[in-house]
Amino acid sequence: MAKVHFVAAPGTLTAYLTGEIDHHAAQALRREIDAQVDIRLPELLTLDFAGVTFMDSSGVGLILGRSRRIGALGGQLTIQSAPTNVRRMLDLAHIHYV
Amino acid sequence: MPKLVPVNQTRVTFLSRSVNEGYARAVLAAFLTQLDPTVPQLADIKTAVSEAVTNCIVHAYPGTLGPVQMDITLFEGGVVRVVVRDRGVGIEDVARAMEPLYTTGDPEERAGLGFAVMQSFMDSVRVASRPGHGTRVTLVRQLERRA
């Protein structure tokens, strides 16, 4: 079970993800994030993984899908606060984080 | 390698609904507690099994639902074997399906990394498939002894 809550500021949108991100959870998260992006059209979308306790490659698909989508709208995506288990998955997918 | 002696075994079968991905991980974690795995070891095995189960759910039964079976066997010496199988459409070209980034799913949303993750997190990954009959994925991991 995963959840997301949003904090918006001018030009930016941060999605705070919590729980377990698998293929099942990713489908709902995708819809929620895309709906917020469509409303707010941020220049910078940040996905925060601090509260994520599990993530498989479905999370990578979620990140790449959102990155393409925000890119098509002229914005950018960043990832923050990835715990070790999430970072291992990002490394495997060659996704860079700060 | 000496012959593996099984010490415990469990089997669950569930429908190929995506909500059961979490169920499969919960069953796995509960069964492995008897080995007292470290947190990273348990995370690795859970992730690999989640990938295998997700493959069944996404690919095995297009447009319908079918059974997914998971067998977990613990062997002497801390060896864990998880077999995930379905009776779905099967894979025509297993070698190709296992290539990183290859996916027959939605390329916008699926990373095509499932088998790469399984291979990275487990000691061995074997895939047997017959088109029209189903697929069996066998994952093995030796747990290291705690320091």
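Structure shown above.
Residues numbered from 1 in each chain as written. Chains lettered and ligands numbered in written order. Predicted model: local features only at pLDDT ≥ 70, side-chain atom pairs only at ≥ 80, totals over all residues. Heavy atoms only, no water.

A few points about the overall build of chain A
Helices and strands together make up the secondary structure of chain A, namely three helices and four strands. Listing the helices and strands of chain A from first to last along the sequence gives β-β-α-β-α-β-α. What you see for chain A is a C-alpha radius of gyration of 12 Å, in line with the 13 Å of a compact globule of 98 residues. Principal-axis analysis of the C-alpha atoms places the extent of chain A at approximately 30 × 25 × 20 Å. (Helix = DSSP H or I, 4+ residues; strand = E, 2+ residues; numbered from the N terminus. Rg over C-alpha atoms; globule rule 2.2 N^0.38 Å.)

Some details on the packing of helix H2 (residues 39–60) of chain B against helix H4 (residues 114–121) of chain B
All names here are of chain B. In contact at an axis separation of 9 Å, H2 and H4 are set at 150° when each is read in the N-to-C sense. In terms of axis orientation, H2 runs roughly antiparallel to H4. At the point where H2 passes H4, the crossing takes the left-handed sense. Where H2 abuts H4, its residues Asp44, Thr47, Ala48, Glu51, Ala52 and Asn55 lie against Gly114, Phe115, Val117, Met118 and Phe121. Residues of the contact of H2 with H4, tallied by class, amount to six nonpolar, three polar and two charged. (Axes fitted to C-alpha atoms, helices over the stretch in contact; angles between N-to-C directions. Parallel < 35°, antiparallel > 145°, perpendicular 65-115°, else oblique. Left-handed = near helix turned anticlockwise from the far one by under 90°. Contact = heavy atoms within 4.5 Å. Nonpolar A, V, L, I, M, F, W, Y, C, P; charged D, E, K, R; others polar.)

Describing the interface of chain B and chain A
The partner chain A presents 21 residues to the 24 residues of chain B that form the contact. Interface area for chain B against chain A, summed over the two sides, is near 1,800 Å², with a carbon-plus-sulfur share of 51%. Taken together, the links from chain B to chain A amount to three salt bridges. We note a salt bridge from A:Glu20 to B:Arg25, for which the minimum N-O separation is 2.7 Å. Between chain B and chain A we count nine residue pairs in polar contact (both at pLDDT 80 or more) in total. (Buried area = accessible area lost by both parts, 1.4 Å probe. Salt bridge = Lys/Arg side-chain N within 4 Å of Asp/Glu carboxyl O. Polar contact = N/O pair within 3.5 Å; in protein donor to acceptor, adjacent residues only side chain to side chain.)

Some thoughts on the environment of B:Leu74
All names here are of chain B. Here Leu74 lies in strand E2 (residues 67–75). When the C-alpha atoms of Leu74 and Gly105 are compared, they prove to be 33 Å apart, with 31 residues separating the residues in sequence. Setting aside residues up to four positions removed in sequence, Leu74 forms contacts with Val5, Pro6, Val7, Asn8, Phe31, Leu32, Gln34, Leu35, Val79 and Val80.

Overview of the pairing of strand E5 (residues 134–142) of chain B
Residues and elements named next belong to chain B. Counting buried positions along E5 gives seven out of nine residues, so the element sits mostly inside the fold. Where strand E3 (residues 79–86) meets E5, eight bridges bridge the pair, whose relative direction is antiparallel. Along E5, the bridge assignment pairs Val82 with Leu139. In this structure, strand E4 (residues 124–130) lies alongside E5, joined through seven bridges in antiparallel fashion. (Buried < 20%, exposed > 50% of the residue type's maximum accessible area, 1.4 Å probe, protein only. Pairing = 2+ DSSP bridges.)

Section: the environment of A:Leu77
All names here are of chain A. Mapped onto the elements of the fold, Leu77 is located in strand E4 (residues 76–80). Here the alpha-carbon distance between Leu77 and Leu64, two residues 13 residues apart in the chain, equals 9.4 Å. Other than its neighbours up to four places away in sequence, Leu77 contacts Leu45, Leu47, Ile63, Arg66, Ser67 and Ile70.

Points about the sheet that holds strand E2 (residues 12–21) of chain A
Residue and element names in this part refer to chain A. The strand order across the open sheet built from four strands is E1-E2-E3-E4, with neighbouring strands paired in mixed fashion. With one partner strand each, in any of the chains shown, strand E1 (2–9) and E4 form the two edges of the open sheet. Going across the sheet, the axis of each strand differs from the next one's by a mean of 20°, ignoring polarity. With five bridges joining them, strand E3 (residues 44–55) and E4 adopt parallel strand pairing. If you follow Leu47 over to E4, its bridge partner there is Ile79. Sheet contacts for helix H2 (residues 57–72): E2, E3 and E4; angle to E3, the most-contacted strand, approximately 175°.

As for unusual backbone geometry
When glycine is set aside, most residues are seen to have a negative phi, and most peptide bonds are trans. Residues and elements named next belong to chain A. Positioned with a positive phi, Leu41 is a non-glycine residue whose angle comes to about 40°. Locating Leu41 in the fold gives a position in the loop between helix H1 (23–40) and E3. Classification of Leu41 as exposed rests on a relative accessible area of 54%. Backbone geometry at Ser81 places phi at a positive 55°, although glycine is not the residue there. As for its placement among the helices and strands, Ser81 is situated in the loop between E4 and helix H3 (84–92).

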